[in-house]
Amino acid sequence: MSYFVDEKGYYGAFGGAWIPEMMQANVSELQERYLEIMATEEFRREFDLLMKDYVGRPSPLYEAPRLSAYYGSRIFLKREDLNHTGSHKLNNTIGQVLLAQKLGKTRIIAETGAGQHGLATATVCALKGLPCVVYMGALDVKRQEPNVRKMKMLGAEVIPVTSGNQTLKDATNEAMRDWINHPEDTHYIIGSVVGPHPYPDMVARFQSVISEEMKRQLQEQTGSGFPTRVMACVGGGSNAAGAFYHYLDHPEVELIGVEAAGKGADTPETAATLAVGSPGVLHAAHTILMQNNDGQITEPYSISAGLDYPGIGPLHAHLFKTGRASYLHATDQETLQAALLLTRLEGIIPALESAHALAALPKIPLRTGDITVICLSGRGDKDMQTYLDAYGY
Ligand SMILES: *Cc1c(COP(=O)(O)O)cnc(C)c1O
């Protein structure tokens, strides 16, 4: 059983490149060249240097003593929240902007929902002096104003998309249209392990730095690089893919993804794709997604803007189907409680996305001798308004 992508771009039954004929040239170029470029010494050197001096890697692996005491079991946090711009997203955008330059591209586009990926893309474009266009649903432009301001300050052009529901799906369609019209000079940076092959594999490889460091750090701190389990929140699934990557072929390490249940996985207001979804094509990949009986995508809901995606990357669909990883979900309420608990026990205010992974801890039988690593994907600064609404601070 392989958990890695095959030559055709599939993870078992999932993945592929379900693209319109007009996008074939853009995608083929990437498919043919990404592995070769990423394997060059020059690419590795530039990527590693930026990870170290720009992002601030390696991110610490922190054994959380008071959280561990609370659960009666050892818990480690992989501190992606301490990266430049506050999450794991920059690992991927740096990788892709370097790749785009090697392909001779001079213009970058992206789509964004909550604005976090748009911000990470605008950041690397400023770093490299490249023009950047970010497509964003007009509704999201209104909802995520601070991120829109930051993207503009970084020099990006933010284009509000007024079609459809004016959210992420519509922004994605617009970005694809742009790419089709500019096949020569433009690279489209996708922000998670979603989209047509080779994006899911490419993004997972860039994010795999998370588990590469984790293994080394665990070895130093515990005497073994292999924990009992690794846990991460899952929107599209990129921080989870990065945290799982170097453990995929080690079945003794349990892998647990945590989706956003919103108001409850049994209510219409949810984003727990694997709990309620079925196979179909989304964002040019065959995967599992939330849809109604007519095959229409249903609008996802979560308190956390980074997790309300109606699908999941094909790697996760495969890990779910084969049972290699298990997927739990946490509600808005459980997540808010878990965020406050971490804040009070460890002095770390987590992103709402990351707090979903913490909220799954009470749902797992934790034994005294276990070692659990949680990928703390981001910091909570951007979520202070939500915490204020919930708790009064
Ligand atoms: C975007 C985001 C996520 C969700 O994206 P994945 O691709 O599932 O990792 C999770 N945490 C934070 C902090 C984010 O910004």
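What you see is a predicted model, and the numbers here were worked out from it, not measured in a lab.

## Description of the domain arrangement of the protein chain
- The assigned domain composition of the protein chain is domain 1 (18–50 + 89–202) and domain 2 (56–86 + 208–391).
- Spacing between the C-alpha centres of domain 1 and domain 2 amounts to 23 Å.
- For domain 1, the biggest contributors to the area lost against domain 2 are Trp18, Asn91 and Val193; these three give 29% of the whole.
- At the boundary of domain 1 with domain 2, the tally comes to zero salt bridges.
- On the surface where domain 1 and domain 2 come into contact, there are seven residue pairs in polar contact (both at pLDDT 80 or more).
- Among the elements that make up the side of domain 1 that touches domain 2, the one with the highest residue count is helix α8 (residues 168–181) (four residues).
- When its residues are assigned to classes, the side of domain 1 that touches domain 2 shows twelve nonpolar, ten polar and two charged.

## Description of the side chain of Thr93
- Within the secondary structure layout, Thr93 lies in helix α4 (residues 89–102).
- In this structure Thr93 touches His117, Ala120, Thr121, Val124 and Ile189, once residues within four positions along its chain are discounted.

## Focus: the site of the ligand
- In the neighbourhood of the ligand, 18 residues make up the surrounding shell, with Lys89, Ser192, Gly235, Ser238 and Ser377 lying closest.
- Separating an oxygen atom of the ligand from a side-chain N or O atom of Ser192 is a distance of 2.6 Å.
- Residue Ser377 places a side-chain N or O atom 2.7 Å away from a nitrogen atom belonging to the ligand.
- For the ligand, whose unbound accessible area comes to 380 Å², protein coverage reaches 97%.
- Residues belonging to the shell around the ligand are distributed by class as follows: four nonpolar, twelve polar and two charged.
- Both domains that meet at the shell around the ligand, namely domain 1 (18–50 + 89–202) and domain 2 (56–86 + 208–391), each give it at least three residues.

## Points about the environment of Phe47
- Here Phe47 shows up in helix α2 (residues 41–55).
- Between the C-alpha atoms of Phe47 and Leu99, which are 52 residues apart in sequence, the distance is 9.7 Å.

## Re the environment of Gly104
- Along the polypeptide, Gly104 turns up in the loop between α4 and β5 (107–112).
- Residues Gly104 and Gly369, spaced 265 residues apart in sequence, show a C-alpha to C-alpha distance of 51 Å.

## Description of the packing of helix α5 (residues 116–128) against helix α7 (residues 145–153)
- Orientation of α5 relative to α7, taken along the N-to-C sense of each, is 15 degrees, at an axis distance of 9 Å. Here α5 is positioned roughly parallel relative to α7, judged by the angle of their axes. Our pair here, α5 against α7, has a crossing hand that is left-handed. Between α5 and α7, the contacting residues are Gln116, Gly118, Leu119 and Ala122 on the first element and Asn147, Lys150 and Met151 on the second.
- Considered class by class, the residues forming the contact of α5 with α7 number three nonpolar, three polar and one charged.

## Details of helix α14 (residues 332–346)
- Its 15 residues place the ends of α14 21 Å apart at the C-alpha level, agreeing with the 21 Å of an ideal helix rising 1.5 Å per residue.
- Inspection of α14 places Asp332, Thr335, Leu336, Ala338, Ala339, Leu342, Leu345 and Glu346 among the buried residues, and these make up the whole buried set.
- One or two steps after α14, the chain reaches Gly347, where phi turns positive at roughly 70 degrees.

## Brief notes about the nonpolar core
- Grouped together as the largest cluster of nonpolar side chains are 90 residues, with contacts concentrated most on Ile94, Leu99, Met151 and Phe244.
- When residues are assigned to domains, this core turns out to be shared by domain 1 (18–50 + 89–202) and domain 2 (56–86 + 208–391), each giving three or more.
- With sequence-adjacent residues up to four places away left out, Met151 is seen in contact with Thr112, Gly115, Gly118, Leu119, Ala122, Val134, Met136, Ala156 and Val158.

## A short note on the sheet that holds strand β7 (residues 157–161)
- With parallel pairing, four strands are arranged side by side in an open sheet as β7-β6-β5-β8. For this open sheet the edge positions go to β7 and β8 (186–189), each flanked by a neighbour on one side alone. In this sheet, adjacent strand axes meet at a mean angle of 25 degrees when their direction is disregarded.
- Of the strand pairs in this sheet, strand β6 (residues 132–137) and β7 are connected by five bridges, and their pairing is parallel. Bridge pairing in β7 places Val134 opposite Val158.
- The sheet contacts of α5 involve β5, β6 and β8, and relative to β5 the element is tilted by about 165 degrees.
- Strand contacts of α8: β5, β6, β7 and β8, with the helix running at about 160 degrees to β5, the strand carrying the most contacts.

## With respect to the pairing of strand β11 (residues 278–282)
- Where β11 meets strand β12 (residues 285–289), five bridges bridge the pair, whose relative direction is antiparallel. Pairing of Val281 across the sheet is with His286, part of β12.
- Adjacent in sequence and paired antiparallel, β11 and β12 are bridged by two residues, among which His283 carries a positive phi angle near 55 degrees.

## Observations regarding the packing of α14 against helix α15 (residues 352–359)
- The interhelical angle for the contact between α14 and α15, taken along N-to-C directions, is 90 degrees, at an axis separation of 8 Å. Classified by the angle between their axes, α14 and α15 sit roughly perpendicular to one another. When α14 is examined against α15, the residues Glu334, Thr335, Leu336, Ala338, Ala339 and Leu342 are found in contact with a partner set consisting of Leu352, Ala355, His356, Leu358 and Ala359.
- Split by residue class, the contact of α14 with α15 holds eight nonpolar, two polar and one charged.

## Concerning the packing of aromatic side chains
- One pass over the full model with this rule turns up ten aromatic pairs.
- When the centroid spacing of 5.3 Å and the interplanar angle of 80 degrees are considered together, the rings of Phe4 and Tyr245 count as edge-to-face. With a gap of 241 residues between them, Phe4 in the segment before β1 (10–11) and Tyr245 in the loop between α11 (238–244) and β10 (254–262) connect regions that are remote in the sequence.
- The class of Phe4 is partly exposed, set by a relative accessible area of 26%.
- Relative to Tyr199, the ring of Trp179 has its centre 6.3 Å away and its plane inclined at 65 degrees; by these criteria the two rings are edge-to-face. With a gap of 20 residues between them, Trp179 in helix α8 and Tyr199 in helix α9 (residues 199–207) connect regions that are remote in the sequence.

Calculation notes
Residues numbered from 1 in each chain as written. Predicted model: local features only at pLDDT ≥ 70, side-chain atom pairs only at ≥ 80, totals over all residues. Heavy atoms only, no water. Domains from an automatic or database assignment. Buried area = accessible area lost by both parts, 1.4 Å probe. Salt bridge = Lys/Arg side-chain N within 4 Å of Asp/Glu carboxyl O. Polar contact = N/O pair within 3.5 Å; in protein donor to acceptor, adjacent residues only side chain to side chain. Helix = DSSP H or I, 4+ residues; strand = E, 2+ residues; numbered from the N terminus. Nonpolar A, V, L, I, M, F, W, Y, C, P; charged D, E, K, R; others polar. Contact = heavy atoms within 4.5 Å. Near = heavy atom within 4 Å. Areas by Shrake-Rupley, 256 points an atom, 1.4 Å probe, with all protein chains shown as cover. Axes fitted to C-alpha atoms, helices over the stretch in contact; angles between N-to-C directions. Parallel < 35°, antiparallel > 145°, perpendicular 65-115°, else oblique. Left-handed = near helix turned anticlockwise from the far one by under 90°. Expected span 1.5 Å × (residues − 1). Buried < 20%, exposed > 50% of the residue type's maximum accessible area, 1.4 Å probe, protein only. Core = buried A, V, L, I, M, F, W, Y, C linked by side-chain atoms within 4.5 Å. Pairing = 2+ DSSP bridges. Phe/Tyr/Trp six-rings, centres within 6.5 Å; stacked < 30°, edge-to-face > 60°.

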